[in-house]
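Tertiary structure, described
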Amino acid sequence: MNKNKLLGFALGPLGSAAVGFVTLPMLAWFFSAEDIGRISMLQVATNFAVILFTFGLDQSYAREYHESADKPALLKAAALPGLVVLGVLLAALLGMAPGLLSQALFAVDDGALSAIAAASIFATFVSRFLSVILRMEEKGFAFSMSQVLPKLLFLALVVAYALAVPGRTFFMLLAAYTLSIVAVMFAYAWNTRHAWVPALAARLDRRRLRPLMAFGFPLIFGGVASWALMAMDRVFLRQLSTLTELGVFSVAASIAAAAGIVSSIFSTVWAPTVYRWAAEGDAQAKIDAVTGHLLAAVVLIFVATGLLSWVLALVLPSTYDRVQYIVAASLAPPLLYALSECAAVGISLARRSLYSMLASFLAAALNVAGNYLLVPRLGAGGAAISTAVSFLLFLIVRTEFSCRVWRPVPRARLYLATSAATGLAVAFVLSGERHRGLFLWLWAGLGLLSLAWFRPSLALALQAGAKLMQGARLRAANVSPQLRRNGVQ
C-alpha cells in the first residue's frame, strides 16, 4: 500500500479521534453518566450481533477477495446469510415483545427505544460488509470520509441539544446516535454502489458458500469469545455495579479508543496488505519489521497517556475524576489487539482460525473470572484491570499459537515491553490517586527506556516526518509562483 493510500485510511481514525475529543466532554457535561452507560450497552449488543450474524463471512470475504474472479458473487455469498437471519430476528423480536430489547439494554421498557436500537444494530451490520469492500479495494479516502462525516453529524446534534434544548433526555441521545449510525450506512452504500449493485443480480452459488463457511464458521465461536473478552467488563458493570460506574468506565474506554488511533489505522490497512504480501511470496521479513514498529508505537502511547492523564480532570465533570487513573489500562484492548493482529498473523495466513478461537476463549475466561471478582469491589477500576490483563494474555497465547502453525517470530521484546506497560497501567488504577507523583516518575522512566529500546523505529518515524515536511514545503514553494502569476497576493 503506497503512502497516499495509507494517508487516506489514516484520515478516518485521525478525524474520528479529533471529533471524539470534542464530542466526549460535551456528552459528559450535558448527559448523565447513566445515559452514557446505556449507550455503551447498545454498543455492546451491536458488536455482539455483528460478530454473531456475520457468521465469520466478512473475514472469509477479505481472505478470498484477491483470489476471486467473480467478486459480486463472492460478496452476495458472504453477506446474504447473516443479513436475512438478523433482519428476520429483529422483526420478530419487535413484533412479539416490543419492549424487551429496551429493557435488556437500558433498564427501560419502551417499544420506541427498542425500535431505534434495532435500527442501529441492523445499520451497523450492513456497514460492516460495505466497509470491508472499501478496505479491500484500498479506497482509503472514501473509507475515511464515511467514518468522519457521520461523527460530525452526531457532534452537530449534540451541540444543538446543548444550545437549544433545556431538558435533555436519553431518547434524544439515542436518536442522535442512531441517526449517525444510519448515516454511516448510507455513506458506505454510496461509495460502494459499484460493488453491491451487481451483487444483487449475482447468482448465489452454494458451492462458493461452502468454502467460505468452512473458513468463517469457526470464527463465529472465536468472535463470540472475542466479544466476551471485550464486552464482559460492561456486562458485569451493568449487573454487579451501577449505571454510573458503567458510565465512568465507558468514558475512559472512549478516550482510550480515541488515543488508540494507531490501532484503528493499522487494523484497517493490515488485512488487505498482508494478504497481498502473502500472495506475492514476500511476507515474513515485512511482518517482523511492522511488528517491531507497531510495538514501539503501542508502548509510547501507553507512556504518553499515563503522563498526560491529569489533563482529563480539567475537561471532564467531577463525576469522572477517576477516569484519569483508569484510562491507561483502558488502552490495552485496542492497542494489544492490534499488536496481536500483527504478531499472530500466521494463524490467518495458515488458515488455522481454530487457534484464534482458542486464544479468545482462554482470555475471555480470564476476563469473566476477573470481572466477577473485581467489579463488586473496585467498580470501573476493577473492570479496567481485568480487561487489560486478559488482553495481555490474549496477545501472548495468540502469538504462541501463530509460531506453532506458521513460523517462530522474535517475541522476547514483545512480551517484556507489553507486560511492563500493562503492569504499570494496572498499578496506576490501584494506587495512582494516592501516589500521583511517583507514577509520573514511573511513566517517565518507562518512556526513557522505550526511547532507548526502540531507536530504529523512532529514527524511521523521524525520517518519514522530515520527508513529509520537505514535501509540504516543496508543494508550497511551487504553489506560490503560480498564485503570483494569477494575481493573488
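On a predicted model such as this, the values are computed, not experimentally measured, just so you know.

Before going further, it helps to spend a moment on the overall build of the protein chain. Scanning the protein chain from N- to C-terminus turns up 22 helices and 0 strands. Counting the 489 residues in the protein chain, one finds 51% classified as buried. When the accessible surface of the protein chain is totalled, it reaches about 21,800 Å², and 68% of it is carbon and sulfur.

Applying the stated criterion to the full structure yields 5 salt bridges. Notably, a salt bridge pairs arginine 322 with glutamate 245, separated by 2.4 Å at the nearest N-O pair. With a gap of 77 residues between them, arginine 322 in the loop between α14 (312-315) and α15 (323-330) and glutamate 245 in helix α11 (residues 243-259) connect regions that are remote in the sequence. The exposure class assigned to arginine 322 is partly exposed, which follows from its relative accessible area of 29%. The exposure class of glutamate 245 is buried, given its relative accessible area of 15%. Arginine 398 serves as the salt-bridge partner of glutamate 341, at 2.8 Å between the closest nitrogen and oxygen. Here the residue glutamate 341 occupies a position in helix α16 (residues 332-343), and arginine 398 occupies one in helix α19 (residues 380-405), the gap between them amounting to 57 residues. Residue classification places glutamate 341 among the partly exposed residues on the basis of a relative accessible area of 23%.

Let us now look at the nonpolar core. Counting residues in hydrophobic clusters, the biggest one holds 146 residues, and the most contacted among them are Tyr61, Phe302, Tyr320, Val323 and Trp443. The element that contributes the greatest number of residues to this core is helix α6 (residues 111-136), accounting for 14 residues. Setting aside its immediate chain neighbours within four residues, tyrosine 320 contacts Ala28, Phe31, Ser32, Ala33, Ile36, Gly247, Val248 and Val251.

Under the 1.5 Å per step criterion, the end-to-end length of α19 is 37 Å for 26 residues, consistent within 8% with the ideal 38 Å. Where burial is concerned, most of α19 is hidden: 21 out of the 26 residues are buried.

All right, on to helix α21 (residues 436-453) then. With 18 residues, α21 extends 26 Å between its outermost C-alpha atoms, agreeing within 8% with the 26 Å of an ideal straight helix rising 1.5 Å per residue. Among all positions of α21, only Arg436, Phe439, Trp443, Leu446, Gly447 and Ser450 are buried. Looking down the long axis of α21, one finds its buried residues gathered within 105° of arc, a one-sided arrangement. Those residues of α21 that are exposed and aimed more than 90 degrees away from the buried face are Trp441, Leu448 and Leu449. If you follow the buried residues of α21, they end up packed against α13 (284-308), α15 and α20 (412-431).

For the coordinates displayed, the defined rule picks out 10 aromatic pairs. An aromatic cluster is present here, built from Tyr325, Phe428, Phe439 and Trp443 joined pairwise through their rings. Across the ring face of phenylalanine 170, the terminal group of arginine 38 is positioned such that the distance to the ring centre comes to 5.8 Å. In this structure, arginine 193 is placed above the aromatic ring of tryptophan 190, and the distance from its NZ or CZ to the ring centre is 3.8 Å.

Moving on: the packing of helix α8 (residues 170-191) against helix α9 (residues 193-201). The relative placement of two packed helices comes down to the angle between their axes together with the axis-to-axis distance. Two numbers describe how α8 lies on α9: the axes approach to 5 Å, and their chain directions differ by 85°. As judged from the angle between their axes, α8 and α9 are roughly perpendicular. Packed against α8, whose contacting residues are Ala189, Trp190 and Asn191, the element α9 presents Arg193, His194 and Trp196 at the interface. Among the residues making up the contact of α8 with α9, the classes are represented as 3 nonpolar, 2 polar and 1 charged.

A word on the environment of valine 290. If you trace the backbone, valine 290 turns up in helix α13. Look at valine 290 and you get partly exposed, because its relative accessible area is 22%. C-alpha of valine 290 to C-alpha of alanine 343: the two residues are 53 residues apart in sequence and 8.9 Å apart in space.

Following both chains from N to C, one finds helix α2 (residues 33-53) and α8 inclined at 40°, their axes separated by 10 Å at the closest point. The handedness of the crossing between α2 and α8 comes out as right-handed. Contact with α2, carried on its side by Asp35, Arg38, Ile39, Leu42 and Gln43, involves Phe170, Leu173, Leu174 and Tyr177 of α8 and no other residues of that element. Residue composition of the contact of α2 with α8, grouped by class: 6 nonpolar, 1 polar and 2 charged.

With that out of the way, let us pick up the environment of serine 457. Inspection of the secondary structure assignment puts serine 457 in helix α22 (residues 455-485). Taking relative accessible area as the criterion, serine 457 reaches 14% and is therefore assigned buried. In the structure, serine 457 is positioned 162 residues away from leucine 295 in sequence and 9.3 Å away in space, judged by C-alpha atoms. Setting aside residues no more than four positions away along its own chain, serine 457 makes contact with Gly292, His293 and Ala296. A polar contact of 2.8 Å, which involves the side chain of serine 457, links it to the side chain of histidine 293.

On to the confidence of the model for the protein chain. On average, residues of the protein chain carry a pLDDT of 81, and 84% of them reach 70 or more. Mean pLDDT across the elements of the protein chain ranges from a minimum in α22, with 66, to a maximum in α20, with 94.

Okay, the side chain of serine 330 next. In this structure, serine 330 sits in helix α15. Ignoring anything within four residues of it in the chain, the contact list for serine 330 reads Ala252, Ala253, Ala256 and Ala384.

Another point: the side chain of threonine 387. You can see threonine 387 is positioned in helix α19. Judged by its relative accessible area of 3%, threonine 387 is buried. Once residues lying within four places of it in the same chain are set aside, the contact partners of threonine 387 are Leu229, Asp233, Pro333, Asn367 and Asn371.

What counts, and where the lines are drawn
- Residues numbered from 1 in each chain as written.
- Predicted model: local features only at pLDDT ≥ 70, side-chain atom pairs only at ≥ 80, totals over all residues.
- Heavy atoms only, no water.
- Helix = DSSP H or I, 4+ residues; strand = E, 2+ residues; numbered from the N terminus.
- Buried < 20%, exposed > 50% of the residue type's maximum accessible area, 1.4 Å probe, protein only.
- Areas by Shrake-Rupley, 256 points an atom, 1.4 Å probe, with all protein chains shown as cover.
- Salt bridge = Lys/Arg side-chain N within 4 Å of Asp/Glu carboxyl O.
- Core = buried A, V, L, I, M, F, W, Y, C linked by side-chain atoms within 4.5 Å.
- Contact = heavy atoms within 4.5 Å.
- Expected span 1.5 Å × (residues − 1).
- Arc of directions from axis to C-beta.
- Phe/Tyr/Trp six-rings, centres within 6.5 Å; stacked < 30°, edge-to-face > 60°.
- Lys NZ or Arg CZ within 6 Å of the ring centre and 35° of its normal.
- Axes fitted to C-alpha atoms, helices over the stretch in contact; angles between N-to-C directions.
- Parallel < 35°, antiparallel > 145°, perpendicular 65-115°, else oblique.
- Nonpolar A, V, L, I, M, F, W, Y, C, P; charged D, E, K, R; others polar.
- Left-handed = near helix turned anticlockwise from the far one by under 90°.
- Polar contact = N/O pair within 3.5 Å; in protein donor to acceptor, adjacent residues only side chain to side chain.
- pLDDT = per-residue confidence, 0-100.

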